[in-house]
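What follows is each chain in one-letter form.
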There are 2 protein chains.
Amino acid sequence: MKNFIYKNPTKILFGKAMIAKLSNEIPSDARILLVYGGGSIKTNGIYNQVMDLLSAYYFEEFSGVKANHEYELLLKAVELIKEKQLNYILAVGGGSVIDACKFIAAAAKYKGDNPWDMMSIRYVVKEALAFSTIVTLPATGSEMNSGAVISYRAIKEKRSFKSELLFPQASVLDPTVVSSLPVRQIVNGIVDAFNHVFEQYMTEREGTILQDYFAESILHTLKAIGKDIIKDPSNYDLASDFMWSCTMALNGLIAQGVPTDWGIHAIGHELTALFQIDHARTLAIIGPRYYEHNFEFKKQKLAQYAERVWNVQEGDLEYKAKQAIVMTENFYHSLGISTKLSDYTSEYEGTAELIAERFTKRGWLGLGEKQNVSPDDVKEIILKSY
Amino acid sequence: MKNFIYKNPTKILFGKAMIAKLSNEIPSDARILLVYGGGSIKTNGIYNQVMDLLSAYYFEEFSGVKANHEYELLLKAVELIKEKQLNYILAVGGGSVIDACKFIAAAAKYKGDNPWDMMSIRYVVKEALAFSTIVTLPATGSEMNSGAVISYRAIKEKRSFKSELLFPQASVLDPTVVSSLPVRQIVNGIVDAFNHVFEQYMTEREGTILQDYFAESILHTLKAIGKDIIKDPSNYDLASDFMWSCTMALNGLIAQGVPTDWGIHAIGHELTALFQIDHARTLAIIGPRYYEHNFEFKKQKLAQYAERVWNVQEGDLEYKAKQAIVMTENFYHSLGISTKLSDYTSEYEGTAELIAERFTKRGWLGLGEKQNVSPDDVKEIILKSY
């Protein structure tokens, strides 16, 4: 196992009727910015619970945060914080809202001219407002990690940043929210979490027996509940396992001591930036082709995954590894998710070249665990995904 | 899944040469009590690394903390803290030393007359000194949890307490320490961690798919490395998986949202208090008989464990569940650990009655996940373990 330093200070409040307990976590003198997205929380009962919670605090509302951010809108939230001297944020939503909250928390304390300059894996956040979250859409794990991905629609960019200061203080995970989600959101969550595990698991390594089993635990669970939860999203037990799997898939635990990849995400983000395709679906489009393209150094792990998660016992290593990709793609299809770019946009011609060129311009000359997936490789992977 | 609230603020520094990095975690003005056990850290190189670390701090040494504490000795550490106005503790050792550190941290701030009065699951710690740990003996998980078990040899008692204030700030896990451990300590660690998982896993429950897989991940790993690491304790990869498994087995994660048992520990602690038998070995003595005695409501989960961890595929549920106990006991035997009380003491006669009576006197009328394991059941379980 590789050396690692790991700390996750977020307090998880998991279960029914947990929103009210946030009053134990948010300081009584907090001046709160309540950030949320559209109106869904007003129909599923969450907004009322939040209003009960916030009745004891000074707060301002800021709504309309969308799945792929309008960056200018986030800057308005920062202005509101400064104008009203707010000092705490409560994010109520899915990964986009929580990520927006992280950006706002850091931007509110940012000293430079243009907060977009923070959006780099190299930028070190020096100060940020404290915040908590209420998850309404299990998928990204942002509720228990310190990273955020921010879109800037006007320039078709999607970038990420990360800081120890960006862990939520507390996050409420109430599985009853799943019952009111559209199927599209649920399957996106499953595929998103599945791919979060892949990026931290499908790498060459030795001496990581426990970390492998932990990663496979999440895959087993998502596989086990996938089809059933679509049929019965109000099944609380299934929803609990779905929600907890999404959080555990990207709260840092399974990444400790192991090499990680994140190449699928790097390419997928571009498809979202260019075509507004749901994040999870970009991973389903790119993932299978990424593993086919990098088959030689991924096949050992692909075969282990096929054996343990899909119970592929017959055949040699090559066969098992190929089956791993087939079974995964079949799983996506069984959830109603297409793995072809052309099913999402008719304007796909030239995408491969455009993204390869973007990576070259940014100096991203090697993606993946070995930094050996070149812009040319990226082009080929995307071409095969048409 | 049951509702839960979970937070684990301990920072883990895992790997080679991590002791020096504690200087980033311990405040520069800390006045430190260095607590350790015997002289083993002076021969395995750890003491020198600790001295390098502490050269930048004011510190006092306190050594001689033993596996089953001399309570009076711990009070001397508290006196030393007060006398020298120390405000931080660094524990270097296994679970006994780390648990002693937790007791000292709380006792140093305790306002009452007799700190032993804190030793109750109902006592609420109001204040404690901050502390960090360096693990020299993987087993108890105390380096990443907030509980402690303290022995009081003079009155043959062993009690536990717990508080959010008793999480270590940081813990160093350097797997190279395993290479210099006696086999007896390594096998104790494996069996201890195995039983920590059992107490949080072998319970009746539904809707805990992921939590079950996580628990089984640790059992899989301990099973996979058990015999090999005894033969080759200097194998760094095996040592890493061993060490990380011990921490993950009792850092709270696998207990979230599920019923837990802890009956085996409750009985085992008495055997240690009475006969000074190594903690892990008391669990090996009691565990198999505990599951036989509670077979009816444990058999479903025992069978799942047999299938998934020991790959028992043939036979009906009863058969698989019985095999679970047989396979587990065989595993202990393969590590050289006897599961009979009479192999540890010739004075075992009357033990069953004595412990049952102790439980009755303390008002412990029902152990286990259903609180239905009565003192009479305890007596029978112990009688069968002779």
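I will try to describe carefully the structure that is included in this document. (Residues numbered from 1 in each chain as written. Chains lettered and ligands numbered in written order. Predicted model: local features only at pLDDT ≥ 70, side-chain atom pairs only at ≥ 80, totals over all residues. Heavy atoms only, no water.)

With an RMSD of 0.0 Å, the fit of chain B onto chain A corresponds to turning through 180° and sliding 0.0 Å along the axis. The relationship between the two copies is best expressed as a two-fold rotation axis. Scanning chain B for the C-alpha nearest the rotation axis identifies B:Pro9, at a separation of 2.3 Å. A shared binding surface is used by both copies, with 100% of the interface residues of chain B retained as interface residues in chain A. (Least-squares fit on C-alpha atoms with pLDDT ≥ 70 in both. Contact = heavy atoms within 4.5 Å.)

Moving on, we get to the interface of chain B and chain A. In this assembly, 41 residues from chain B lie in contact with 41 residues from chain A. For the pairing of chain B and chain A, the buried interface totals around 3,600 Å² over both sides, and the portion due to carbon and sulfur atoms is 65%. Among the residues of chain B in contact with chain A, B:Met1, B:Leu210 and B:Trp244 are the three that bury the most area, contributing 17% of the side total. Remark: the boundary between chain B and chain A carries 0 salt bridges. The interface formed by chain B and chain A contains 17 residue pairs in polar contact (both at pLDDT 80 or more). By the bridge criterion, 7 bridges tie strand β1 (residues 4-14) of chain A to strand β1 (residues 4-14) of chain B in an arrangement that is antiparallel. Its bridge partner being in β1(B), A:Leu13 is matched across the sheet by B:Ile5. (Buried area = accessible area lost by both parts, 1.4 Å probe. Salt bridge = Lys/Arg side-chain N within 4 Å of Asp/Glu carboxyl O. Polar contact = N/O pair within 3.5 Å; in protein donor to acceptor, adjacent residues only side chain to side chain. Pairing = 2+ DSSP bridges. Helix = DSSP H or I, 4+ residues; strand = E, 2+ residues; numbered from the N terminus.)

This part is about the sheet that holds β1(A). The mixed open sheet is built from 12 strands, whose spatial order is β3(A)-β2(A)-β4(A)-β5(A)-β8(A)-β1(A)-β1(B)-β8(B)-β5(B)-β4(B)-β2(B)-β3(B). Of all strands in the sheet, those with a lone pairing partner are β3 (58-62) of chain A together with β3 (58-62) of chain B, marking the two edges. Here the strands of the sheet are splayed against their neighbours by 20° on average, with no regard to which way each runs. (Axes fitted to C-alpha atoms, helices over the stretch in contact; angles between N-to-C directions.)

Our focus in this paragraph is the pairing of β1(B). Residue and element names in this part refer to chain B. For β1, the tally of buried residues reaches 8 of 11 residues, placing the bulk of the element in the interior. As paired elements, β1 and strand β8 (residues 170-173) share 4 bridges and run parallel to each other. Of the residues in β8, the one forming a bridge with Phe14 is Leu173. (Buried < 20%, exposed > 50% of the residue type's maximum accessible area, 1.4 Å probe, protein only.)

Secondary-structure assignment places B:Ala154 in the loop between β6 (147-152) and β7 (157-162). Taking the C-alpha atoms as reference points, B:Ala154 and B:Tyr71, separated by 83 residues in sequence, lie 8.0 Å from one another.

This part is about the environment of A:Thr260. All names here are of chain A. The topology assignment puts Thr260 in the loop between α7 (236-249) and α8 (263-275). Looking at Thr260, the relative accessible area reads 27%, which means it is partly exposed. Thr260 sits 55 residues away from Arg205 along the chain, and the two C-alpha atoms are 9.9 Å apart. Other than its neighbours up to four places away in sequence, Thr260 contacts Glu199, Gln200, Thr203, Ala255, Gly368 and Glu369.

Now for helix α12 (residues 351-362) of chain A. Residues and elements named next belong to chain A. Here α12 spans 16 Å end to end across 12 residues, near enough to the 16 Å set by a 1.5 Å rise per residue. Within the sequence span of α12, burial applies to Thr351, Ala352, Ile355, Ala356, Arg358 and Phe359. The buried residues of α12 all sit within an arc of 155° when viewed along its axis, so they share a single face. If you follow the buried residues of α12, they end up packed against α8 and α13 (375-385). Of the residues trailing α12, Gly363 is marked for its positive phi of about 80°. (Expected span 1.5 Å × (residues − 1). Arc of directions from axis to C-beta.)

Right, let's get into the pattern of salt bridges. Under the defined criterion, the tally for this structure stands at 42 salt bridges over all chains. A salt bridge links B:Glu292 to B:Arg289, with the shortest nitrogen-to-oxygen separation between them at 2.9 Å. Of the two residues, B:Glu292 and B:Arg289 are both situated in helix α9 (residues 279-293); the distance of 3 residues between them amounts to about one turn of the helix. Looking at B:Arg289, the relative accessible area reads 9%, which means it is buried. The salt bridge partner of B:Glu296 is B:Lys299, with a shortest N-O separation of 3.0 Å. Placement of the pair is B:Glu296 and B:Lys299 together in helix α10 (residues 295-310), with a separation of 3 residues, close to one helical turn. Here the salt bridges share partners, and the residues they tie into one network are A:Glu157, A:Arg159, A:Glu270, A:Arg358 and A:Arg362.

Right, let's talk about unusual backbone geometry for a bit. Residue and element names in this part refer to chain A. At Ala17, a residue that is not glycine, the phi angle is positive and equals roughly 60°. By secondary structure assignment, the location of Ala17 is in the loop between β1 and β2 (31-36). Its identity as a non-glycine residue notwithstanding, Gln371 has a phi of 50°, on the positive side. As for its position among the elements, Gln371 is in the loop between α12 and α13. Gln371 sits in the exposed class, given a relative accessible area of 57%.

Residues and elements named next belong to chain B. Burial of β6 is extensive: 5 of the 6 residues sit out of reach of the surface. Here β6 pairs with β7 via 6 bridges, running antiparallel. What sits directly across from Ile150, in β7, is Arg159. Hairpin connection between β6 and β7: a loop of 4 residues separates the two successive antiparallel strands, and Lys156 in this loop has a positive phi of roughly 50°.

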